[in-house]
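In case you want the letters, here they are:
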Amino acid sequence: MKQADFVSLVMPFKDKVFRLAKRLLVSREEAEDATQEILLKLWKNNKKIGDYKNVEAFSMTMTKNFCLDRLKSRQAQNLKIVHNNYTDNNASLQHQVEAKDSVDWVSKIMEELPEQQKIIVQLRDIEEYDFSEIAKMLDMNETAIRVNLSRARKTIREKLTNTHQYGIK
Amino acid sequence: MVLNNIKTLIEKYNNAETSLQEEAQLKAYFNGDHVAPEFEHYKPMFIYFSKSKQEQYTKDVPLNSKKTKLYQWISVAAVAVLMLGLIVPSFMGPTEEEKQEALMVYNQTMEAFSLISLGMNEGKTQLSSLALVGENIKEGAQQASKLSQFSIMTNKILKNN
């Protein structure tokens, strides 16, 4: 496989890989690194790529595993300051502005979801994959995915309703 | 009518039973301007979903793996050149000139050594005369012991008398 072929194969879903990585790793820089790593891994195996039935689904699975590994190793490390694990106690101006923007609230709410639900919401609500495709990517059955998705959606709705009505009730 | 429709859709949506088309319908509705106040709090969620789909990966991916391979071989080449620099001169051996020079130096040192050894030999002969003196002293000592015996004998004779 030539480089141009590879690029045209990867092009359609590299943003999806990046968005999933960002959903899990939160920081943009880390997500970029992860995406690059995954694309390089794919490129290294470009001879075998023809054997995969669905390169996109395969890459999404790879991304999921890669990011979860990253998160795990980050937890194992002893207090290392990465982009997202220190919080500024003084609400900065940007923070205040962000808090006002209820759209950004959604991303904050999603950060609090369990990893599994994050992935499912990302794949379904943002990337708009079929349940059967998600099932293949995550190696789960569709019912479990529906249950998880329903839970995640309800959590988001509840928290959003709370913040929406904050100060009213 | 539309409101009812949306209501059932949202119900289904929350139970994760909507199809992709229905979800698209919901997204279109909430991205629009006319959202009923009772669903207002869903709006940010759907807007966020649509918005975050637009995020793109802009970084370039360095795919040309050939370059990295070349860099790896540079160190090997450097080592090879170094080894050649060390090995080749030793195989070529010294030139004629160098050989002659070495011979000259060898001869000179040999001469110097022989001079030293001459001096050494002279010193040695002088030492041998010293050894002769030592021998004479020993002989004298022996004779002296004889003398002492003689004196013992004379003492004995004197006592007997």
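Conventions we followed
Position numbers for residues count from 1 along each chain, tracking the sequence in the order it is written. Ligands are numbered from 1 and chains lettered from A, in the order in which they are written. Under the rules for a predicted model, residues below a pLDDT of 70 receive no local features and side-chain atom pairs below 80 are neither given nor counted, while totals for whole chains, interfaces and linings still include all residues. In this description, a residue-residue contact is defined by the distance between C-beta atoms placed from the backbone, which must lie within 7 Å. The numbering of helices and of strands both runs from the N terminus, where a helix is a DSSP run of H or I of at least 4 residues and a strand a run of E of at least 2. The term nonpolar core means buried Ala, Val, Leu, Ile, Met, Phe, Trp, Tyr and Cys residues held together as one set by C-beta atoms within 7 Å. Every C-beta atom is placed from the backbone, and the number of other C-beta atoms within 10 Å of a residue's own sets its class: buried at 20 or more, exposed at 12 or fewer, partly exposed in between. These domain boundaries are the output of an automatic or database domain assignment. pLDDT is a residue-level measure of predictor confidence that goes from 0 to 100. For helices, the fitted axis covers only the stretch in contact; all axes are lines through C-alpha atoms, and the angles between them, taken along N-to-C directions, range from 0 to 180 degrees. Handedness of a crossing is defined here by the sense of rotation of the near helix relative to the far one, left-handed for an anticlockwise turn of less than a right angle and right-handed for a clockwise turn. Charged residues are taken to be Asp, Glu, Lys and Arg, nonpolar residues to be Ala, Val, Leu, Ile, Met, Phe, Trp, Tyr, Cys and Pro, and polar residues to be all remaining types, Gly included.

We now examine the interface of chain B and chain A. For an interface, size is often stated in terms of accessible area lost upon the parts coming together. On the chain A side, the residues contacting the 20 residues of chain B number 30 residues. Of all the elements in the fold, those that place two or more residues in the side of chain B that touches chain A are helix 1 (2-14) and helix 3 (43-52) of chain B. Among the elements that take part in the side of chain B that touches chain A, helix 3 of chain B stands out by supplying seven residues, more than any other.

The next subject is the nonpolar core. Counting 44 residues, the largest nonpolar core has A21, A34, V106, I120 and I156 of chain A together with M45 of chain B as its most contacted members. When residues in this core are grouped by element, the largest group, seven residues, is from helix 1 (residues 3-25) of chain A. Viewed by domain, this core spans two of them, domain 1 (1-86) and domain 2 (91-169) of chain A, each represented by three or more residues. Those residues in contact with I120 of chain A that lie beyond four places of it in its chain are I134, I145, N148, L149 and A152 of chain A.

Residue and element names in this part refer to chain A. For V17, the position within the fold is in helix 1. The exposure class assigned to V17 is buried, which follows from the 26 C-beta atoms found within 10 Å. Residues V17 and L39, 22 residues apart in the sequence, show an inter-C-alpha distance of 9.1 Å. Residue contacts for V17: discarding those within four places in its chain leaves T35, I38, S59, M60 and T63.

Residue and element names in this part refer to chain B. For chain B, per-residue confidence averages 85 on the pLDDT scale, and 95% of positions sit at 70 or higher. Mean pLDDT across the elements of chain B bottoms out in helix 4 (residues 65-92) (80) and peaks in helix 5 (residues 96-160) (89). Overall fold confidence (pTM) sits at 0.62, and the ipTM for the predicted complex is 0.75.

Below, the discussion takes up the packing of helix 1 of chain A against helix 2 (residues 28-44) of chain A. Residues and elements named next belong to chain A. The interhelical angle for the contact between helix 1 and helix 2, taken along N-to-C directions, is 145 degrees, at an axis separation of 8 Å. Here helix 1 and helix 2 pass one another in a crossing that is right-handed. Contacts between helix 1 and helix 2 involve F6, V10, K14, V17, F18, A21, K22 and L25 from the first element and R28, E30, A31, A34, T35, I38, L39, L42 and W43 from the second. Class assignment for the residues of the contact of helix 1 with helix 2 results in 12 nonpolar, one polar and four charged.

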